[in-house]
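Report on the structure
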Amino acid sequence: MEDTTPDAMPDCESKAGSEGTSRRGFMKMLGLGGISLASMVGAPIEDVLAETTSKVNRYSNPSDLKITDMRVAVIGRIPFRVPIIRIDTNQGISGFGEVRDDGDKRYALILKSRLLGQNPCNVERLFRLIRQFGNHGRQGGGVSGVETALWDLAGKAYGVPVYQMLGGKYRDRVRLYADTAGANDPHVFARRMKETRVDRGYTALKMDIGIELLRNIPGALVNTRAHAPVGEYALQSQYSRNPGEYGQIEHPFTRIQITETGLDAIEEYVRVMRETIGYEIPLGIDHTGHFDVDEAIKLARRLEPYTLAYMEDLVAWNWFDKWKAITDATTTPTMTGEDIFGLEGGFKELIDRQAVSMVHPDLGSAGGILETKRIGDYAERGGLAMYLHYAGSPVGFFASVHAAAATYNFVALEHHSVENDNWYSLIPSDTVVFDQGYVPVPDKPGLGVELNEDAIKELLIEGEGYFEPTPEWNEAQSWDRLWS
Amino acid sequence: MSELKQEAMPTGENNAAEGTSRRGFMKMLGLGGISLAGMINAPIEDVLAESTSKVNRYSSPTDLKITDMRIAEITGVVFRTPIVRIYTNQGIVGHGDVRDGAAKEYALMLKSRLLGENPCNVERLFKKIRQFGHHARQGGGVSGVEMALWDLAGKAYGVPVYQMLGGKYRDRVRLYADTTTSPDPHEFAQRMKERVNQGYTALKMDVGIGLLRDIPGTLVNSPYRERSPWTYEYRNYNQTEHPFTGVQITNKGIDRLMEYLDVMRSTIGYEIPLGVDHWGHFGIEEAIKIHRAAEPYNLAYSEDIIPWHYVDQWREITMSSTTPTVTGEDIYGLEGGFKELIDKRAVNIVHPDPNTAGGILETKRIGDYASAHGIGFMHHHAAGPVSFLGAVHSAAATENFLWLEHHAVDQPDFENLVTGLDGPLVENGYVKVPEKPGIGVELNEEVVARYLVEGEEMFAPTPEWDEIRAHDRLWS
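Residues numbered from 1 in each chain as written. Chains lettered and ligands numbered in written order. Predicted model: local features only at pLDDT ≥ 70, side-chain atom pairs only at ≥ 80, totals over all residues. Heavy atoms only, no water.

All right, on to the overall build of chain A then. A tally of regular secondary structure across chain A gives 17 helices and 14 strands. The buried share among the 484 residues of chain A stands at 57%. Within chain A, contacts between residues separated by at least 24 positions form 72% of all contacts whose residues are at least 6 apart in sequence. As displayed, chain A has an accessible area near 19200 Å², and 48% of this comes from carbon and sulfur atoms. (Helix = DSSP H or I, 4+ residues; strand = E, 2+ residues; numbered from the N terminus. Buried < 20%, exposed > 50% of the residue type's maximum accessible area, 1.4 Å probe, protein only. Contact = heavy atoms within 4.5 Å. Areas by Shrake-Rupley, 256 points an atom, 1.4 Å probe, with all protein chains shown as cover.)

Okay, here's the thing in structure tokens:
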């Protein structure tokens, strides 16, 4: 026990013993706190210390902890919009989570009535209670964010970092991968990736190379005109939200094809990138565009010499057979998953069929911390590695760090806000997010990250308040059981 | 707390001088970085929080290291069970049971792989040692060590184990009990009625063909006849697996076995779930005959009527009658063990013993997998109170859990082997889920000493297990 004292008390100061007032005050407090030192005179110092702290050994009293409220602050510019949710309790501690980037706060609020009065420490039981209200894509963000907040609370209630409640950790630092720093010119693109990513210490990278880069190259693509504004030849954005536009048409139905000229142009980006950053660093590709299996295979085969770490989301994740066809047709590894909710009904089939080379859940869609670990564990048994997608706030980021630390086959976690000062303003300036390509796993209770109240207020979306009351979500009016 | 602490430091010494403890305490506060000067007008909660903020852990988890593993092997109060204790560099120890009837070496074999490791990384260490476990008693080493690691992780952080499994589904865990068999069905039923009167809400009875040994015309190829069919074999009936005994049961034999069920149900009624175990060794046709005959008695399950690894035969038995089936106490692990049984829906309920199955987390994994396939989940247990309560944590944290076996109902000293219980171990057929750190109990060494196996010492040093010389990787 002696060994532990210096570690458990890192910030040694010596004031209490020298101040008469405070000593008397402290002894009085001890009396008020139900602590009787009179009976302990003569006991070993360890026992005295143990007795005096036994009543306050927890951050909270976990077995009597109850959820009393759920509130939301929707922030933006980090760079995406993220609803941060706060679950309050009867003991003054709160847990934080977030509805996934670009998700709707109501995906979380719909769960409030099911959670009021519950003990947040029973995370798995509550997850099963609310799981039915989650779905793929952003709709998974409510259940995932709430689950994250429950873990935060359980950890705070017991004074334990979340990873320890997942079976302990496999690693003390979690590897990060940085997302794209794109440009239309291959050389500018590569130089940016080198200067803003590699030179800063990132050890894994991803670049976005879509067929939109080919829109001005004659003869590069087939059948784009049907997906352009009338009278134009340019391709619409793949992020378009308008029904019927290219961005909303699933891959097999655009019938867009890539010509040899187009393949050459894409290859040029990758060739220059590899020439600039070298081959040691795993390099993935994402956002290639919407086209069917044959184009995906052509592209994946063409890029084989550049030894990509993976090609991501080449077709929508739910086309398992198409994924299997692509994966079997090329030595370029494949990966998908950021939109999938849950293991059962989601990742399981993808893994069972060996349809991809790696899985890529986003904790904010997948169902939260434990479900993400379950997905990783299942993939491990299927011989597949796990990358983690991430594009939200520091809350979900550190939730991902805990899940990553506790999962055997984890490879790297996305950091989508490398240069976003707003993102960093949300957490204390001494929080280590990046140290030579890795993030240290927090050892503090719960998620181990505190949010900066002023920064949240600064970044609030117009018309949104700061964790304002939500009494309209207190009651449920539906018989929600999935079976009879 | 003081009690727990005392237990956690079994070889600890009192260093503080008599009469100086108050001064010493204030000095500790000073060393502990507690500054009260600035908090005179603060609320009491804040003062207390501040004054204890640096001593909030039982230990310093990130620097925790395993330093030793030792054994105390007991018998009498339970079946012979080696208790494993894992020591650390911070004075806290963790406990688990190598399974009842198992060899202590199954745990000691793992010692060299664990020295210097942080016990809080339970899953990582489990994966490291999993290859050294096997079905039945050989699973006891890995399982007992895994429990001890959870006990340590919980103590290091001051958290009950169930909370490290995702929290609990229930505050009390339901037990099932059995009793001694009597050849007289009425006497047998009266003994069982005693269990009901004690408050047990789920029961199991042993009814086997051994009860037919002296009744002519009940068995074909009887192992009990004067000149046994095994006279010239290299193995006896007990060591012969069920499909290979050639034993058959006549209608008269079936009738006699059913009489035990009939009298039992007449005596205890139908509200209480009632299982049957230890039928004997015979092939699946005999099993099906029994299960069909037993249907009117609405058994909760029929257990281990053939060996667990004949998965397809289990499926055939299960499909052939409405009597539910259960097996699992000898199975190690989900993968390579329970998985196929569950995938094929070969039984209605799975029945792991956490001391063979791989410990607390693996048992929960088995339950979760069964749950996803619509299969029930109950726990076998016949070792000491430490692993009994370890099983309680696993049961509390698994949704489809039904009931846990309590095999030491008639042994008052069973619960005296440990300290830290909050009241009697069993109340009205349930056991309260411990809320104290780790598994929630410490060993009462005085009582443990009374039940040590002859020739065994209490946690004697084991330096001969400190090193291993093998390249143990299951793949290349």
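As a further point, take the sheet that holds strand 2 (residues 82-89) of chain A. Residue and element names in this part refer to chain A. Spatial ordering of the open sheet is given by 1-2-3, a layout of three strands whose pairing is antiparallel. The sheet is open, and its two edges are formed by strand 1 (67-75) and strand 3 (94-98), each paired on a single side. Across the sheet, the mean angle separating the axes of adjacent strands is 20° when strand polarity is ignored. Of the strands in this sheet, strand 1, strand 2 and strand 3 are in contact with helix 7 (residues 140-158), which crosses strand 3 at around 150°. (Pairing = 2+ DSSP bridges. Axes fitted to C-alpha atoms, helices over the stretch in contact; angles between N-to-C directions.)

Another aspect to go through is the pattern of salt bridges. Within the structure shown, the criterion is met by 80 salt bridges over all chains. R80 of chain B serves as the salt-bridge partner of E73 of chain B, at 2.5 Å between the closest nitrogen and oxygen. With relative accessibility at 5%, the residue E73 of chain B sits in the buried group. Of the charged contacts, one joins E117 of chain B and K128 of chain B as a salt bridge, the two residues approaching to 2.6 Å between their closest N and O atoms. Separated by eleven residues along the polypeptide, E117 of chain B in the loop between helix 5 (111-114) and helix 6 (122-129) and K128 of chain B in helix 6 bring together distant segments of the chain. Residue class for E117 of chain B comes out buried when judged on its relative accessible area of 13%. Because the salt bridges share partners, they merge into one network encompassing R100, D101, R138, E338, D339 and D362 of chain A. (Salt bridge = Lys/Arg side-chain N within 4 Å of Asp/Glu carboxyl O.)

This paragraph deals with the pairing of strand 13 (residues 410-415) of chain A. Residues and elements named next belong to chain A. A large share of strand 13 lies buried, amounting to five of its six residues. In the sheet, strand 4 (residues 173-178) pairs with strand 13 via three bridges, with the strands oriented parallel. For Y177, the partnering residue across the bridge sits in strand 13 and is E414. Taken together, the two bridges between strand 12 (residues 385-388) and strand 13 define a ladder with parallel strand orientation. When the sheet's bridge partners are listed, M386 is paired in strand 13 with F410. Considered for its hand, the β-α-β crossover made up of strand 12, helix 15 (residues 394-405) and strand 13 is right-handed. (Right-handed = clockwise from strand over helix to strand, strands pointing away.)

In this section: the environment of G247 of chain A. Residues and elements named next belong to chain A. Within the secondary structure, G247 is located in the loop between strand 6 (221-222) and strand 7 (257-258). Residue G247 is classed as buried on the basis of its relative accessible area, which comes to 13%. Separated by 60 residues in sequence, G247 and H187 place their C-alpha atoms 27 Å apart. Dropping the residues within four chain positions of it, G247 is found in contact with S237, Q238, Y239, S240 and H290.

All names here are of chain B. Strand order across the open sheet formed by three strands is 1-2-3, with antiparallel pairing between neighbours. Every interior strand has two partners, whereas the edge strands, strand 1 (66-74) and strand 3 (93-97), have only one. Between one strand axis and the next, the sheet turns by 20° as a mean value, whatever way the strands run. Bridging between strand 2 (residues 81-88) and strand 3 involves five bridges; their strand directions are antiparallel. Within strand 3, the residue paired with R85 across the bridge is H95. Contacting strand 1, strand 2 and strand 3, helix 7 (residues 140-157) runs over the sheet at an angle of about 150° to strand 3.

Keep in mind that low pLDDT regions are not for reading the predicted coordinates in detail. Residue and element names in this part refer to chain B. Per-residue confidence for chain B averages 89 on the pLDDT scale, and 88% of its residues sit at or above 70. A low-confidence stretch, residues 1-40 stays under pLDDT 50, and its non-local contacts, those more than four residues away or across chains, total 75 contacts. When the criterion is pLDDT under 50, residues 45-57 qualifies, and its contacts beyond four places in sequence or with other chains add up to 34 contacts. Quick note on the complex model: pTM equals 0.81, ipTM equals 0.74. (pLDDT = per-residue confidence, 0-100.)

To continue, consider the side chain of T470 of chain A. All names here are of chain A. With respect to the helices and strands, T470 occurs in the segment after helix 17 (453-459). Residue classification places T470 among the buried positions, given a relative accessible area of 7%. Side chain to side chain, T470 and K112 meet in a polar contact 2.9 Å long. (Polar contact = N/O pair within 3.5 Å; in protein donor to acceptor, adjacent residues only side chain to side chain.)

On to the confidence of the model for chain A, then. Residues and elements named next belong to chain A. Averaged over every residue, the pLDDT of chain A is 88; the share at 70 or more is 87%. Within the model, pLDDT remains below 50 along residues 1-42, and this stretch shows 67 contacts once partners closer than five positions in the same chain are excluded. Every residue in residues 45-58 is under pLDDT 50, and counting partners more than four places away or in other chains gives 42 contacts.

Residue and element names in this part refer to chain B. Tracing the sequence through the fold places V220 in strand 6 (residues 219-220). Residues V220 and F377, spaced 157 residues apart in sequence, show a C-alpha to C-alpha distance of 35 Å. Sequence-distant contacts of V220, that is, excluding residues within four places in its chain, are made with G246, V247, Q248 and T250.

We now examine the packing of aromatic side chains. A full pass over the atoms with the stated rule returns 18 aromatic pairs over all chains. On the basis of an interplanar angle of 65° and a centroid distance of 5.0 Å, the ring pair of Y310 of chain A and Y387 of chain A is categorised as edge-to-face. Of the two residues, Y310 of chain A sits in strand 9 (residues 310-312) while Y387 of chain A sits in strand 12, which places them 77 residues apart along the sequence. Three or more aromatic residues joined by ring pairs form one cluster here, namely F397, F398, W423 and Y424 of chain A. The positively charged end of R85 of chain B is found above the aromatic ring belonging to F459 of chain B, 3.9 Å away from the centroid. (Phe/Tyr/Trp six-rings, centres within 6.5 Å; stacked < 30°, edge-to-face > 60°. Lys NZ or Arg CZ within 6 Å of the ring centre and 35° of its normal.)

Here we come to the nonpolar core. Counting residues in hydrophobic clusters, the biggest one holds 258 residues, and the most contacted among them are V146, I211 and F397 of chain A together with M205 and V207 of chain B. At ten residues, helix 7 of chain B tops the list of elements feeding residues into this core. Formed jointly, this core draws a minimum of three residues from each of two domains, domain 2 (62-160 + 466-473) and domain 3 (173-450) of chain A. For V146 of chain A, the residues in contact, after removing those within four places along its chain, are M70, I85, I87, A108, L111, L115 and I130 of chain A. (Core = buried A, V, L, I, M, F, W, Y, C linked by side-chain atoms within 4.5 Å. Domains from an automatic or database assignment.)

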